[in-house]
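Structural characterization, general
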Amino acid sequence: MHTIDLIIFLVFTIGVVVFGCSFYKKDHTSSDLTQAGRSLPGWVVGMSIFATYVSSISYIGYPGKAFASNWNAFVFSLSIPIASYFAARYFVPFYRNGDSVSAYTFLEDKFGRWARFYASACYLLTQIARMGSILYLLAVPMHILMGWNIHMVIIATSIAIIIYSMLGGLKAVIWADAIQGIILIGGALLCLGILCFSMPEGPSQVFDLAMHSPEGNKFSLGEFTGDLTTSTFWVCLIYGIFINLQNYGIDQNYVQRYHAAKTDRDARFSALFGGYLYIPVSALFFLIGSALYSYYTSHPGLLPEDIASKPDYVFPFFIVNGLPVGLRGLLIASIFAAGMSTVSTSVSSAATIILTDYYKPLTQHSTERRQVFVLRLSSAIVGAIGIFVAIAMLSVESIIDAWWKLSSIFSGGMLGLFLLGIMPRRINKKAALAGCVAGIAVIAWISLAGLYDLPGIHLHEYLAIVLGTTTIFVTGFLLSFLANKMKNENGAT
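First, a word on scope: everything that follows refers to the structure included in this document.

1. What about the overall build of the protein?
Helix and strand counts for the protein stand at 21 helices and zero strands. Taken over C-alpha atoms, the radius of gyration comes to 23 Å for the protein, in line with the 23 Å a tight globule of 493 residues would show. Judged by the C-alpha coordinates and their principal axes, the protein covers about 85 × 60 × 40 Å. For the protein, buried positions account for 57% of its 493 residues. Taking the contacts inside the protein whose residues are at least 6 apart along the sequence as the reference set, 85% of them involve residues at least 24 apart. Across the protein, the centroid of the 29 positively charged side chains sits 15 Å from that of the 25 negatively charged ones.

2. Considering the packing of helix H3 (residues 42–53) against helix H13 (residues 264–298)
At a closest axis distance of 7 Å, the pairing of H3 and H13 adopts a crossing angle of 40°. Here H13 runs oblique to H3, going by the angle between their axes. Our pair here, H3 against H13, has a crossing hand that is right-handed. Packed against H3, whose contacting residues are Gly42, Trp43, Val45, Gly46, Met47, Ile49, Phe50 and Tyr53, the element H13 presents Asp266, Phe269, Ser270, Ala271, Phe273, Gly274, Leu277, Tyr278 and Val281 at the interface. A per-class count over the contact of H3 with H13 returns twelve nonpolar, four polar and one charged.

3. Regarding the nonpolar core
With 143 residues, the main nonpolar core has Tyr248 and Phe318 as its most contacted residues. Sorting elements by how many residues they give to this core places helix H9 (residues 150–196) first, with 18 residues. Those residues in contact with phenylalanine 318 that lie beyond four places of it in its chain are Cys191, Ile194, Leu195, Leu292, Tyr295, Tyr296 and Leu323. In this structure, Ala351, Tyr359, Val374 and Leu375 belong to the second largest nonpolar core, which totals seven residues.

4. A word on the packing of H9 against H13
Where H9 meets H13, the axes come as close as 10 Å, and the angle between the chain directions of the two elements is 30°. When the axes of H9 and H13 are compared, the pair comes out roughly parallel. The handedness of the crossing between H9 and H13 comes out as left-handed. Judged by residue contacts, Leu184, Ile185, Ala188, Leu189, Leu192 and Leu195 of H9 engage Leu277, Val281, Leu284, Phe285, Leu287, Ile288, Ala291, Leu292 and Tyr295 from H13. Of the residues belonging to the contact of H9 with H13, the class tally is 15 nonpolar, no polar and no charged.

5. Details of the side chain of threonine 105
For threonine 105, the location among the structural elements is in helix H7 (residues 105–111). There is a polar contact of 3.4 Å between the side chain of threonine 105 and the side chain of arginine 116. When near neighbours in sequence (up to four residues on either side) are disregarded, threonine 105 contacts Ser100 and Arg116.

6. Comments concerning the layout of surface pockets
The gaps left among the atoms become clear once a water-sized probe is rolled over them. Of the volumes computed, that of the largest pocket is approximately 240 Å³. Around the largest pocket sit 13 residues that line it, and Phe9, Trp148, Val153, Ala156 and Thr157 are the ones nearest its centre. Listing elements by their share of the lining of the largest pocket, those giving two or more residues are helix H1 (3–21) and H9. When residues in the lining of the largest pocket are grouped by element, the largest group, five residues, is from H9.

7. A word on helix H11 (residues 233–250)
Helix length check: H11 (18 residues) gives 25 Å between terminal C-alpha atoms against 26 Å at 1.5 Å per residue, within 8%. Of all the 18 residues making up H11, 14 are buried; the element is thus mostly covered by neighbouring parts of the structure.

8. Remarks on empty space enclosed by the protein
Following the criterion strictly, the structure yields three cavities of 30 Å³ or more and no others. One number sums up the size of the largest cavity: a volume of about 240 Å³. If you trace the largest cavity, you find 20 residues lining it, with Tyr53, Phe76, Arg130, Asn247 and Trp403 closest to the centre. Mapped by element, the contributors of at least two residues to the lining of the largest cavity are helix H4 (56–68), helix H8 (113–146), H11, helix H12 (252–260) and helix H18 (399–410). Take the lining of the largest cavity: its biggest share by element is four residues, from H11. Partitioning the lining of the largest cavity into residue classes produces ten nonpolar, eight polar and two charged. Its boundaries defined by the atoms lining it, the second largest cavity holds a volume of some 90 Å³. Of all the secondary structure elements, the ones that give two or more residues to the lining of the second largest cavity are helix H2 (30–35), H9, helix H16 (327–359) and helix H17 (368–392).

9. Focus: the packing of aromatic side chains
Applying the stated criterion to the full structure yields 28 aromatic pairs. When the centroid spacing of 5.1 Å and the interplanar angle of 85° are considered together, the rings of phenylalanine 94 and phenylalanine 106 count as edge-to-face. One end of the pair, phenylalanine 94, is in helix H6 (residues 80–96); the other, phenylalanine 106, is in helix H7, and twelve residues separate them in sequence. You can call phenylalanine 94 partly exposed: its relative accessible area is 36%. Residue phenylalanine 106 is classed as buried on the basis of its relative accessible area, which comes to 12%. Ring centres of phenylalanine 207 and phenylalanine 219 lie 5.6 Å apart, and the angle between their planes is 20°; this geometry places the pair in the stacked category.

How each quantity is defined
- Residues numbered from 1 in each chain as written.
- Predicted model: local features only at pLDDT ≥ 70, side-chain atom pairs only at ≥ 80, totals over all residues.
- Heavy atoms only, no water.
- Helix = DSSP H or I, 4+ residues; strand = E, 2+ residues; numbered from the N terminus.
- Rg over C-alpha atoms; globule rule 2.2 N^0.38 Å.
- Buried < 20%, exposed > 50% of the residue type's maximum accessible area, 1.4 Å probe, protein only.
- Contact = heavy atoms within 4.5 Å.
- Lys, Arg positive; Asp, Glu negative; His and termini not counted.
- Charge placed at Lys NZ, Arg CZ, Asp CG, Glu CD.
- Axes fitted to C-alpha atoms, helices over the stretch in contact; angles between N-to-C directions.
- Parallel < 35°, antiparallel > 145°, perpendicular 65-115°, else oblique.
- Left-handed = near helix turned anticlockwise from the far one by under 90°.
- Nonpolar A, V, L, I, M, F, W, Y, C, P; charged D, E, K, R; others polar.
- Core = buried A, V, L, I, M, F, W, Y, C linked by side-chain atoms within 4.5 Å.
- Polar contact = N/O pair within 3.5 Å; in protein donor to acceptor, adjacent residues only side chain to side chain.
- 1 Å grid on protein atoms, 1.4 Å probe; cavity = no way out; pocket = protein on both sides within 12 Å on 5 of 7 lines; lining within 4 Å.
- Points joined across faces, edges and corners; volume = space filled by probe spheres on them.
- Expected span 1.5 Å × (residues − 1).
- Phe/Tyr/Trp six-rings, centres within 6.5 Å; stacked < 30°, edge-to-face > 60°.

Any functional reading would require information beyond the geometric quantities listed.
Dropping the structure here:
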């Protein structure tokens, strides 16, 4: 890396940490750290929601996916408007009218403490897996650029993120997210422009080569068949609808942002703005992947075989070898922007859940000072666990596939429990518990069937969240209906 690139990168990274730490106050309350005093404008919260979506998984994984195959994974983005609409219309007022910042308090009110613990445990597992995936992708560019030890990059980056998340709280996280979101969009646009105008026959050659590649149309959204064992268009769309409804409906990352907005109107705007902005930006990342394919096809010999065999490394390799001095530093900074914003969000929300769903319910007397201490200690512990997961991710082939599978499995179908909780008809507590047990069994079967070649029908791992959620909801609803019917009949006799 040229000295200028290194200076740009270091100025940005250190600047973000210092900016986040500037929100530190000695008299911070736990509410300040978890809800930002309900003082933030809608556009800032919306940019934070957007930046949470656009992690380094998107920044590096999406171009790698489009380079190696096609735009099948973009179908996930097309499902977001459905979730954004429901969030603005129903989820935002539902949570802002509640007393707790935790997304899972109402589950305890409906079904008992077990439901709150179950949902929050699923959430924590998902966030730790997400942090590990993103920290890994943050380290890859620096490993390629500088030859730095990838383990040390993961550790150093994690410490920097944990520091400003601990000290500044949610307000620091959200404002940093907004700034990082603007930087990452600018970096991606610059990179796409350079790729397109580096083609021998001009930008149109990007589309010609990608559409007529030997592997098929690189812009394909996937097969439109009913096959549920592969990543078809319909599998990705259904997966996207369920995972995004879960994100907007019961994900602590989003629920905290609803609380942080200044007014109800700002909160509704943030849900729509953050989701809709992600669609064109994610398309931008896939277009970068297609352009990378066309670029290296038209410049044979530029891409080493060992890099081509690891799609997640292709975009960082281009940044190192295909961009001029100065822009390299900006692109690396924008990749760090994408990753740091998402990891800081996960650290903050996970610490909030540990405080609200585990520490407070199990502690009789807790001072404000002790709660602030628990929040900061939890941030450090969650961040440390994320480091170990990131190092474990070094062996995966495609980070997008690994993350989507883990998020589908670790979700535990908790969206189904949420839907049971908001039903106007009262659901029997034992029926809800039975539904969760059945849902876990279905998720375990889908997850293990392909891995160990178990007998029976094999389905794609993306469908774990779909069938897990459906099983919990349908089982809980039907058993509750039967229990209420039997109770009424016995009462009548």
